[in-house]
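Residue strings, one per chain:
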Amino acid sequence: MTSKVIKILSIVTTIAGIAVSLVSDYVQGKKLDNTITEKVTEAVAKIGK
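Cut-offs and rules
- Residue numbers here run from 1 along each chain, matching the order of that chain's written sequence.
- In view of the model being predicted, local features appear only for residues whose pLDDT reaches at least 70, and side-chain atom pairs are presented and counted only at 80 or more, with totals across whole chains, interfaces and linings using the full set of residues.
- Water and hydrogen atoms play no part in the side-chain values, which are based on all heavy atoms of the structure.
- Per the convention used, a helix needs a DSSP run of H or I reaching at least four residues, while a strand needs a run of E reaching at least two, with both numbered from the N terminus.
- Using a 1.4 Å probe, the Shrake-Rupley method yields the accessible areas, and only the shown protein chains count as cover for residues.
- Under this rule, positive means Lys or Arg and negative means Asp or Glu; His and the chain ends count for nothing.
- Each charge is placed at NZ for Lys, CZ for Arg, CG for Asp and CD for Glu.
- Patch definition: residues with relative accessible area over 30% and no salt bridge; like charges joined within 9 Å; nonpolar side chains (Val, Leu, Ile, Met, Phe, Trp, Tyr) joined within 5 Å.
- A pair is scored as a salt bridge if a Lys or Arg side-chain nitrogen falls within 4 Å of a carboxyl oxygen belonging to Asp or Glu.

This part takes up the overall build of the protein chain. Along the backbone of the protein chain there are one helix and zero strands. For the protein chain, the C-alpha atoms occupy an extent of roughly 70 × 5 × 5 Å along the three principal directions. Of the roughly 4,600 Å² of accessible surface on the protein chain, a fraction of 69% belongs to carbon and sulfur atoms. Charged side chains of the protein chain number 7 positive and 4 negative; the gap between the two group centres comes to 9 Å.

The subject of this paragraph is a nonpolar patch on the surface. Judged by side-chain polarity, Leu 32, Ile 36, Val 40 and Val 44 come together as a nonpolar surface patch covering roughly 370 Å² of accessible area. Assignment of secondary structure puts Val 40 in helix α1 (residues 2–48).

Have a look at this one:
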């Protein structure tokens, strides 16, 4: 019984770690996209002046 519980917890922990990693990568990507958009908008605004 205890061995099965430990195996299940191990699998759940691994899956949770992978999920957190994927979400973190997604959020970082979105932040980078927003930063790039802001910088491009600023550059275009400077050229337009």
